[in-house]
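Chains, contacts and geometry: an overview
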There are 2 protein chains.
Amino acid sequence: MPQPDGSSMRVAFQGEHGAFSQEAAHKLVGSEAQTLPFRKFDEMFEAVSSGNAEAAMAPIENSLAGSVHQNYDLMMEHDLTIVGETYLRIVHNLIAAPGVALSDVRRVYSHPVALAQCGKFFRANKQIEAEPAYDTAGSVRMVLESGSRADAAIAGRLAASHYGGAILAEGIEDNAENFTRFLLLTRPTSIGLIPAPPETAARKTSLVFRVANTPGVLYKALAAFALRDVDLCKIESRPIEGRPWEYSFYLDFAGDQEDPSVNRAIAHLAEMAESVRVLGSYPSASY
Amino acid sequence: MPQPDGSSMRVAFQGEHGAFSQEAAHKLVGSEAQTLPFRKFDEMFEAVSSGNAEAAMAPIENSLAGSVHQNYDLMMEHDLTIVGETYLRIVHNLIAAPGVALSDVRRVYSHPVALAQCGKFFRANKQIEAEPAYDTAGSVRMVLESGSRADAAIAGRLAASHYGGAILAEGIEDNAENFTRFLLLTRPTSIGLIPAPPETAARKTSLVFRVANTPGVLYKALAAFALRDVDLCKIESRPIEGRPWEYSFYLDFAGDQEDPSVNRAIAHLAEMAESVRVLGSYPSASY
């Protein structure tokens, strides 16, 4: 019988073993949780919808690169609920086979976003070529399997330890204010499996809504929250297929959907909107 | 002496000859304009900032894929002004060497977004593999140079005619409501070179602002426009480097910055904002 201690949960993540998403899953759900790697975000969502995993750990925003728009679209397509969030400080390390020196390295593989976040390192090491690859942890695996002493990868600490790589340089990202926010998503029927948060944790709610394209409509929609002092954390817009220049708006705000003021704000929004869907209320994490 | 008829303008675009951006440049500036291809968006912006081109034609949003976030960030980094917009209906065609039949084709190359927009075609032609490539028009050039009869590309009509390809199948995109909006950007000192719009054209203005992260601040910012019936067309947020979970907001709205109500709305916004930068007022196009 599955127990709500995380031990029997299968948490899907995108990337290979050692990915930042896997680290985020263990941080939020516990080290006992079983983590399942998927090559693509849509396969990860599909695994949860079809019951092959209890939850997915989806990166939703990086403080430098911005929103992960594909995961916003996938939340719309799948009937999953957000049950938690967590933040990771993204530390990029240069990782190679044990015994390799920085002066040996000629090519560094990683995800294009990670390469772009280490611009100073590449400018200071002109002999090294940046090579885009499928993901950060997968680059470490590939470099170590190849046995090449001229190749290295950029990834997190977990990837180095998972594949037995050595860290040649630590924290080579340009900007230390580099955080990724992750959301834990589950089927509504699996909510009981998620470890309960501390009673004292502040709550946060996410929803998505659509409004007809009429003058001032976004202002009026935000009024439902502002007039009740419900504090907005984030707004994101995504296009609606087949309706050019109309958008779905995603909001994150402080409070639980059962709080009276939040509840009334959502009801007020529903008066104006074509559709409102609450994506979940969950314990607010800090970064 | 450069004349404002478009003939002496060098318009930078991203991609190879035959790209949708090149088609957009000729549509807005005229067939006489000289168009200069650049491999990357940042090189295209740099060419205009440094005076190697008079203007850049930047795709800013696709009605299915959403905003081109890199170009929002590049508008912030460069001191250019938006002087025009245009829309293109994106029609994807299957293009191969003359004489090739659909039954010969085994691999189809194109930009990943174009491949994703032709899902039905690939499901109906299981013998064909979709191969991601650097861009649409560049895929046509590559396929025709290779001489292979098993290879084809997905791109616009202009790419087929530019490289002498034959169109095997026309309009293979899943969704006909597929439009891209492009912005024409120039140095403030080059505005006189841009062909004047018809006097009757409605105007549109774009700006970017930052506000301190205080409760209700976005609602108050939008009030500056809503209370004056200035109609918002688009809002987009982008992260601020070094300030996690704070954003620059980009707005597009109806009217010219010299219109009294628009002018007052911008002044009102400036009272609340840390910074406001008008990116330009320009003739509004329809799609």
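Described below are features of the structure shown in this document. (Residues numbered from 1 in each chain as written. Chains lettered and ligands numbered in written order. Predicted model: local features only at pLDDT ≥ 70, side-chain atom pairs only at ≥ 80, totals over all residues. Heavy atoms only, no water.)

**A short note on the overall build of chain A**
A tally of helices and strands in chain A yields 9 helices and 15 strands. Over its C-alpha atoms chain A spans a radius of gyration of 21 Å, differing by no more than 12% from the 19 Å that the globule rule assigns to 287 residues. By principal-axis analysis of the C-alpha atoms, chain A measures approximately 65 × 50 × 35 Å. The proportion of buried residues among the 287 residues of chain A is 55%. In chain A, 74% of the contacts between residues at least 6 apart in sequence involve partners at least 24 apart. Between the averaged position of the 25 positive side-chain charges in chain A and that of its 35 negative side-chain charges there is a distance of 4 Å. (Helix = DSSP H or I, 4+ residues; strand = E, 2+ residues; numbered from the N terminus. Rg over C-alpha atoms; globule rule 2.2 N^0.38 Å. Buried < 20%, exposed > 50% of the residue type's maximum accessible area, 1.4 Å probe, protein only. Contact = heavy atoms within 4.5 Å. Lys, Arg positive; Asp, Glu negative; His and termini not counted. Charge placed at Lys NZ, Arg CZ, Asp CG, Glu CD.)

**Let's talk about the packing of helix H8 (residues 217-226) of chain B against helix H9 (residues 260-272) of chain B**
Residues and elements named next belong to chain B. For the pair H8 and H9, interaxial distance at closest approach is 8 Å and the crossing angle is 165 degrees. Taken together, the axis directions place H8 and H9 in an arrangement best described as roughly antiparallel. Seen along the crossing, H8 lies across H9 with a hand that is right-handed. Mapping the contact onto sequence places Lys220, Ala221, Ala224 and Phe225 in H8 and Ala265, His268, Leu269 and Met272 in H9. Classifying every residue of the contact of H8 with H9 gives 6 nonpolar, 1 polar and 1 charged. (Axes fitted to C-alpha atoms, helices over the stretch in contact; angles between N-to-C directions. Parallel < 35°, antiparallel > 145°, perpendicular 65-115°, else oblique. Left-handed = near helix turned anticlockwise from the far one by under 90°. Nonpolar A, V, L, I, M, F, W, Y, C, P; charged D, E, K, R; others polar.)

**A word on the pattern of salt bridges**
With the rule as written, the count across this model stands at 32 salt bridges over all chains. With a closest N to O distance of 3.4 Å, B:Lys234 and B:Glu61 form a salt bridge. Of the two residues, B:Lys234 is situated in strand E13 (residues 232-240) and B:Glu61 in strand E3 (residues 55-62); the sequence distance between them amounts to 173 residues. The pair formed by B:Lys234 and B:Glu61 is uniform in burial state, with each residue classed as buried. Residue B:Arg181 is joined to B:Asp252 by a salt bridge in which the shortest nitrogen-to-oxygen separation is 2.7 Å. Taken together, the positions of B:Arg181 in strand E11 (residues 179-186) and B:Asp252 in strand E14 (residues 243-254) put the pair 71 residues apart, joining distant regions of the chain. Like B:Arg181, the residue B:Asp252 is buried in the burial classification. Ionic contacts of the salt-bridge type, sharing partners, join the residues A:Glu85, A:Arg181, A:Lys204 and A:Asp252 into one network. (Salt bridge = Lys/Arg side-chain N within 4 Å of Asp/Glu carboxyl O.)

**Observations regarding the sheet that holds strand E7 (residues 107-110) of chain A**
Residue and element names in this part refer to chain A. Here we have 5 strands laid out as an open sheet, ordered E8-E7-E9-E6-E10, and mixed in their pairing. Looking at the sheet topology across the chains shown, the edges are occupied by strand E8 (129-132) and strand E10 (166-169). Taking each pair of neighbouring strands and ignoring which way they run, the sheet shows an average axis angle of 40 degrees. Of the strand pairs in this sheet, E7 and strand E9 (residues 151-155) are connected by 3 bridges, and their pairing is parallel. Following the sheet pairing, Val108 is matched in E9 by Ala152. Sitting on the sheet, helix H6 (residues 136-146) is in contact with strand E6 (93-96), E7 and E9, with an inclination near 160 degrees to E9. (Pairing = 2+ DSSP bridges.)

**Thoughts on the relation of the copies chain A and chain B**
For the pair chain A and chain B, the best superposition has an RMSD of 0.0 Å and corresponds to a rotation of 180 degrees with a translation of 0.0 Å parallel to the axis. In the structure described here, the two chain copies are related by an operation that fits a two-fold rotation axis. When C-alpha positions in chain A are compared against the rotation axis, the closest is assigned to A:Tyr219, at 3.1 Å. Comparing contact sets, 100% of the residues at the interface of chain A also lie at the interface in chain B, consistent with an isologous, same-surface contact. (Least-squares fit on C-alpha atoms with pLDDT ≥ 70 in both.)

**Some details on the side chain of A:Lys204**
All names here are of chain A. Along the chain, the position of Lys204 falls in strand E12 (residues 203-210). At 2.9 Å, the side chain of Lys204 and the side chain of Glu85 are in polar contact. Separated by 3.3 Å, the side chains of Lys204 and Tyr87 make a polar contact. Discounting residues that sit within four places of it in the chain, Lys204 has contacts with Glu85, Tyr87, Arg181, Cys233, Phe253, Gly255, Gly280, Ser281, Tyr282 and Ser284. (Polar contact = N/O pair within 3.5 Å; in protein donor to acceptor, adjacent residues only side chain to side chain.)

**Describing the interface of chain A and chain B**
Contacts between the two partners involve 38 residues from chain A and, on the opposite side, 38 residues from chain B. Counting each side, the surface lost to burial between chain A and chain B is near 3,000 Å², with a carbon and sulfur contribution of 64%. In terms of surface lost to chain B, no three residues of chain A exceed A:Tyr219, A:Pro244 and A:Trp245, which account for 25% of the buried area on that side. Looking at the side of chain A that touches chain B, the elements that each hand over two or more residues are strand E3 (55-62), strand E11 (179-186), helix H8 (217-226), strand E13 (232-240) and strand E14 (243-254) of chain A. (Buried area = accessible area lost by both parts, 1.4 Å probe.)

**A look at helix H2 (residues 41-49) of chain A**
Residues and elements named next belong to chain A. Every buried residue of H2 is listed here: Phe41, Met44, Phe45, Ala47 and Val48. One side of H2 holds all its buried residues, which, seen down the axis, span an arc of 155 degrees. On the buried face of H2, the contacting elements are strand E1 (10-14), strand E2 (34-38), E3, helix H3 (69-77) and E11. Following H2 by one or two positions, Gly51 adopts a phi angle in the positive range, close to 90 degrees. (Arc of directions from axis to C-beta.)

**So, the sheet that holds E12(A)**
Residue and element names in this part refer to chain A. Reading across the sheet, the 4 strands line up as E13-E14-E12-E15 and stay open at both edges, with antiparallel pairing between neighbours. Strand pairing shows two members of the sheet lacking a second neighbour, E13 and strand E15 (275-283), which therefore form its edges. Between one strand axis and the next, the sheet turns by 15 degrees as a mean value, whatever way the strands run. Pairing analysis gives 8 bridges linking E12 to E15, with the strands arranged antiparallel. Paired with Arg210 across the two strands is Ser275, which belongs to E15. Contacting E12, E13, E14 and E15, H3 crosses the sheet at an angle of about 80 degrees to E13. Lying on the sheet, helix H9 (residues 260-272) is in contact with E12, E14 and E15; it crosses E15 at an angle near 160 degrees.

**Describing the pairing of strand E6 (residues 93-96) of chain B**
Residue and element names in this part refer to chain B. With burial as the criterion, each face of E6 is covered, one bearing Asn93 and Ile95 and the other bearing Leu94 and Ala96. Pairing between E6 and strand E9 (residues 151-155): 3 bridges, direction antiparallel. Looking at E9, one finds that Asn93 is bridged to Ala155. With 3 bridges connecting them, E6 and strand E10 (residues 166-169) associate as antiparallel partners. What sits directly across from Ile95, in E10, is Ile167.

**Some details on a negative patch on the surface**
Residues and elements named next belong to chain A. Judged by side-chain charge, Asp42, Glu43, Glu46, Glu77 and Glu241 come together as a negatively charged surface patch. Tallying contributions element by element places H2 first for the negative patch, with 3 residues. Its location among the elements puts Glu77 in helix H3. Judged by relative accessible area, Glu77 falls into the exposed class, the value being 60%. (Patch = residues over 30% accessible without salt bridge, like charges linked within 9 Å, V, L, I, M, F, W, Y side chains within 5 Å. Areas by Shrake-Rupley, 256 points an atom, 1.4 Å probe, with all protein chains shown as cover.)

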